[in-house]
Amino acid sequence: PTTASPMSFGRTSHSGGWSPMVTDQEPWLQVDLKEQMEVTAVATQGRYDSWDWVSSYLLLYSDTGRVWKQYRHEDGVGRFVGNTNSEAVVQNKLSHPVRTRFLRFVPRDWNPSGWMGLRVEVYGCSYKSYVADFDGRSALLYRFNQKSMSTVKDVISLRFKSHQAEGVLLHGEGQRGDYITLELHRGRLDLYLNLDDNRLRFSSGRVAVTVGSLLDDQHWHSVQMERFNRQVNLTVDSHTQHFQTKGEGHSLEVDYELSFGGIPLPGKPGTFLRKNFHGCMENLYYNGINVIDLAKRRKPQIHSGNVTFSCSQPQLVACTFVSSGSSFLSLPSAASATGGFSVRFQFRTWNPDGLLLSVNASQENGRNKYLLLCCRPLNQTKAVSARLNVKCSSPGHRVNDGLWHSVSLDTRNLQITLTVDNEPSSAIELWEQLESKGSFYFGGQWVLTRQTPAFQGCMRLLFINRQPMNLNHVQQGLLGNYNELQFDTCNIRDRCLPNLCEHGGRCSQTWSTFTCDCSGTGYSGATCHNSIYESSCEAYKLIGSSSGFFSIDPDGSGPLGPTQVYCNMTEEKVWTVLAHNSTAPVTVQGSSPRKPHIMKLNYSASAEQLHAIVSGSEQCQQEVVYNCRKSRLFNTKGEFYFPLNVKLAHCKLTASCPGVQQCSCSLEENCIDMNYFCNCDADADAWANDTGVLSYKDHLPVSQIVIGDTNRTGSQAVYHIGPLRCYGDKSIWNAASFYQESSYLYFPTLQAELASDISFYFKTSAPSGVFLENLGLKDFIRAELSSPSVVTFSFDVGNGPVVLSVKSHLPLNDRQWHYVRAERNVKEASLQVDQLPLRFLEAPADGHPRLRLSSQLFVGGTASQQRGFLGCIRTLTINGVSFDLEERARMTPGVSSGCPGYCSGSSSLCHNRGRCIEKSNGYVCDCSQSAYGGTTCNQEVSVSFDMESSVTYTFQEPFSVMQNRSSQASSVSTESSSRAREDIAFSFVTSQRPAMLLTVSTFSQQYIAVILAKNGSLQIWYHLQTDRSPDVFSPALNNLADGRLHRIRIHRVGKNLYVQVKMTVIHVIKPVTNSNNIYFHPLNSAGRENFNEKVVQAASKGFIGCLSSVQFNHVAPLKAALTNRGSSLVTIRGPLVQSNCGALAESTSHTLQGKTCTHTLLFKSPTYTLTQNDLAVIAGVVTAVVFIAVCALAVISRLLYQQRRAQRSNSIKEDNRHSMYTDYRTEMHLHNSVRDNMKEYYI
């Protein structure tokens, strides 16, 4: 380590330079600026005329030279780019200036052909500082000149550094109940503010606005509060909260005084109501008044108490354990006069587990034991051979919250006593006295951390046998030993500030990464970016759904969120129906133009969601029915009494409408009195009617009704406003054709700094071409067809280019539509092509997170007009925004709107997931991945069963995900398992109860079962962790064993379970709590499942009825059993009769459509975390079982009691799974990639 004065050593110049000794461990160059300066930039050179330079480095700063903090850019990146030779000067401007005296340059990378060499320059300026030191027992009191101060505008600014996580910075209150308090709480800054709101004045709980984190790090933090009336901005460092105060008050009234540093008790000097602030404040301004300057000059309006005006030096110096695998600190044992030993220290971390302390403790009989002090999940205590693991806290007391916690361990007096913070001590009695043997290892030791992860975090105030340990001596090599430690700094950071989890996802973190809990948000993915719902009713129809209530997310991954609608799926059109709060006819009397009747309509969706639905639909309409008796719509001047205009235009019913102001009877020339434009304007004593359909999209939906002519004798009106009804999805078939390689469409710059998802369809005959590209100064993002069978997604956010590729076993330039979805966020990137395995790559934990683009977005080509795409692109959606390719194509040479071909229109030629295949003289529908049959994949595939019938179907499911390997990619963490998903759909008719409908299970005891209970109600059983009881959902409590057709759809994405049941009433049930994600994973055992007794009972009763259109993910097992009876993957017992129950019930459902009640629910699925590495690579053998009339009770009993025989049978299946897969692909012609998970269906 070297210390230099400013501009006198190692300055960028033509001579000299700094270079450490080769033997120096963790070398650094320190610069002393002699006084506090505001630093705005730094520059570096290599050592003069040498091969020595630093290519990357860290910058640390300190105002005391004892406690250091690493500088990080706004995006959280801590590394600075250095030099590539010894002479060029590389300047780095600081995104936010720092006020400091000392700087440290810590090399991280250097010239591999030379050594470290530095010349440095520091840029900045001086600034004026007014400092006050608070010792935790003092406060500054600023007294007003008048009795009270009432303000409508306040600006309070200060800088502070704190020794503690608790303490009051500012407080003031008034007699009418107003108050303002700025307070540190758990290392965060809380603002309590009340402006004449009696509800807050008399309530017991005050609500705080919280900003910042880890503010007790003994470093300076800036605070600014700006208030104007009820609008408030609170900023801590670079994080700002905007909010509005409650109540009706606009002014803050404070009596007598403001206090800084504490809340004094009136009449009792030196007594305070809350914990005082302990630390320093700088440049404290209240509405332009320099409070510290007034106190320093002893002005009469300031009472300073014990406050001093120089900032004391910090005494708490910490060290950081950087690595969870190799960091440790070993210290020798100090002699103890009383026998035994004692250890005391403080630590802070985010990790849920880790080895805090290990010591070889010998007993009097000579036996050795390791005493391990660990933090474990759930604070569990566990005894292990040759070790004693002691719980580090009491239940409910978290110690991985990023705050400082104290630990005291004592082995004297024939017991081990452990105390954490101020919690009650834990003790273990001993038969013999424990003595330390050798060194004390803090944070880990390589012998032990093979089984226990080392501590990762910060420690300080280490005492052994009541003797303090000097960390400076450790760093200088005078005491103990260490590895992978950073001294004089606690390099902890809050990765959940700001919260990068989208859509209300809850952020949690460890030392090196963060995870997002998306449960209950309606979104999934590593950052809760992807909506689990379709964007429209049209999209639900394309995946095979029938009419019912659905949640749609009209802007996908955008900010709007999902809303529930009714999807009416007819043969011709798919209608989206949104109801409002006034469904019944409304009678109006006694209203006049001056006192009109006003009805505001509230819809199940927000105004923004309604606008997105209407604008994204091809056409929308809303029916208005107006029955009148002496109640006119227009007066003699042509003004509206009840603004109504139909057919040509529509207004919001609160002002005149554009276009022709006539009712439909006038347009159709059939009004009662042709002298008027509306039937009601005849003003007759008899009842008349004006009915119209409003279809002017810019003014839909109807938001308010105003009626003003029912106050005359005999006047009366009855009106009814129908629901908003829309059909068509303009984005699904919005396409453009590119027929010149140099042509492209351009759009505004892509706004996707932190997250972006891109999806589209393409078809082409060209071997390659760029789908889209957007460039920045250095960053870029691009999607392209790089070869006839490879789609590539590449980008650079400042960490170097990243490339993900998906290769198809069949050519993609086959003139057929192919689907592409690419996503990039701060956690990972992924690429999906058709149903091929998902490719993903984890982002580096401390890399640049922001994608900075500047050019236009090019679609179908590049800015260089090279490698352009030839073919069609449709349904381009980026971050939930659909791009209108057709409109832009009409004005672009070389591009035409639409796409030629039979499979390019908006009409659904192939239904229920069927794929449209272009032919030279027409098209055909590929129904191989659909549960339906027929030429257009719309014919139900149904089978009737009796007591003797069963079908066993074995198939291989493709990988759920595949992982691109890289040096940065670690073992897959829990958020990766958010990709776990099942999509199950089927229909059934039965009068049998109980009955088994479907199970999905592994060879072990994991399973998902869908059954009918004894009362005929639907139950969904999840048993995904064998050491826990199954979780049971009951989405439909009524009897489904009623001889009618019922359609079931079960869709799980991560933690979210989505259930649709038609012709049933669904009751809300509580979701499973405290659950995590899971994948079906390979297990060594191959035994039969141990189903719950109720599940076994449902299977043992057999099944009599009909099953129709069974779909599991992208496979139709029942259809495969019918069409491939000779396959080695299909085993049929008893008679199997093809039926038409689904088609018969479908024809019946049209007559019942008005009476059908369909509901959808969102549940949290019962999922759990797996700890094995590479969990994202799903492999191994998995069994999927569908029970439909599973023989009789004797067959089930045989399966249950002959487990060993079943194990041998399954083992044979395991050995032959590759040959079975070859047979299956030959017979089924499935266009899927290599598949690894063996599953079975029993039908």
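Reading the values: the criteria
- Residues numbered from 1 in each chain as written.
- Predicted model: local features only at pLDDT ≥ 70, side-chain atom pairs only at ≥ 80, totals over all residues.
- Heavy atoms only, no water.
- Helix = DSSP H or I, 4+ residues; strand = E, 2+ residues; numbered from the N terminus.
- Buried < 20%, exposed > 50% of the residue type's maximum accessible area, 1.4 Å probe, protein only.
- Polar contact = N/O pair within 3.5 Å; in protein donor to acceptor, adjacent residues only side chain to side chain.
- pLDDT = per-residue confidence, 0-100.
- Contact = heavy atoms within 4.5 Å.
- Salt bridge = Lys/Arg side-chain N within 4 Å of Asp/Glu carboxyl O.

### With respect to the side chain of Asn 283
- Tracing the chain through its elements places Asn 283 in strand β21 (residues 278–286).
- Overall, Asn 283 belongs to the buried group, its relative accessible area being 12%.
- A polar contact is formed between the side chain of Asn 283 and the backbone oxygen of Lys 128, at a distance of 3.4 Å.

### Some details on the confidence of the model for the protein
- Across the protein, the average pLDDT comes to 78, with 78% of residues at 70 or higher.
- Low pLDDT (under 50) marks residues 636–658, which in the prediction has 80 contacts with non-local residues, meaning those over four places away or in another chain.
- Throughout residues 1063–1089 the model reports pLDDT below 50, and contacts reaching past four residues in sequence, or to other chains, amount to 109 contacts.

### A few points about the pattern of salt bridges
- Under the criterion given, the structure shown has 36 salt bridges.
- We note a salt bridge from Asp 293 to Arg 297, for which the minimum N-O separation is 3.1 Å.
- In this structure Asp 293 comes out as buried when scored by relative accessible area, which is 16%.
- Among the salt bridges present, the one from Asp 517 reaches Arg 506, with a minimum N-O distance of 3.6 Å. Taken together, the positions of Asp 517 in strand β40 (residues 514–517) and Arg 506 in strand β39 (residues 506–509) put the pair 11 residues apart, joining distant regions of the chain.
- On the basis of relative accessible area, Asp 517 is assigned to the partly exposed category, the value being 22%.
- On the basis of relative accessibility, which here comes to 41%, the residue Arg 506 falls in the partly exposed class.
- A single network of salt bridges, built from pairs that share partners, joins Arg 632, Asp 683, Asp 709 and Arg 712.

### Things to note about unusual backbone geometry
- Following Leu 700, the chain continues to Pro 701 via a peptide bond in cis, the omega torsion being 0°.
- Residue placement: Pro 701 occurs in the loop between β49 (688–694) and β50 (704–707).
- Look at the link from Arg 993 to Pro 994: it is a cis peptide, with omega at -5°.
- Residue placement: Pro 994 occurs in the loop between β72 (981–990) and β73 (995–1001).
- You will see that Asn 283, though not glycine, has its phi angle at about 50°, which is positive.
- Residues other than glycine seldom take positive phi values, yet Asn 912 does so here, at roughly 50°.
- Tracing the backbone through its elements, the reader meets Asn 912 in the loop between β66 (895–897) and β67 (915–919).
- Judged by its relative accessible area of 14%, Asn 912 falls in the buried class.

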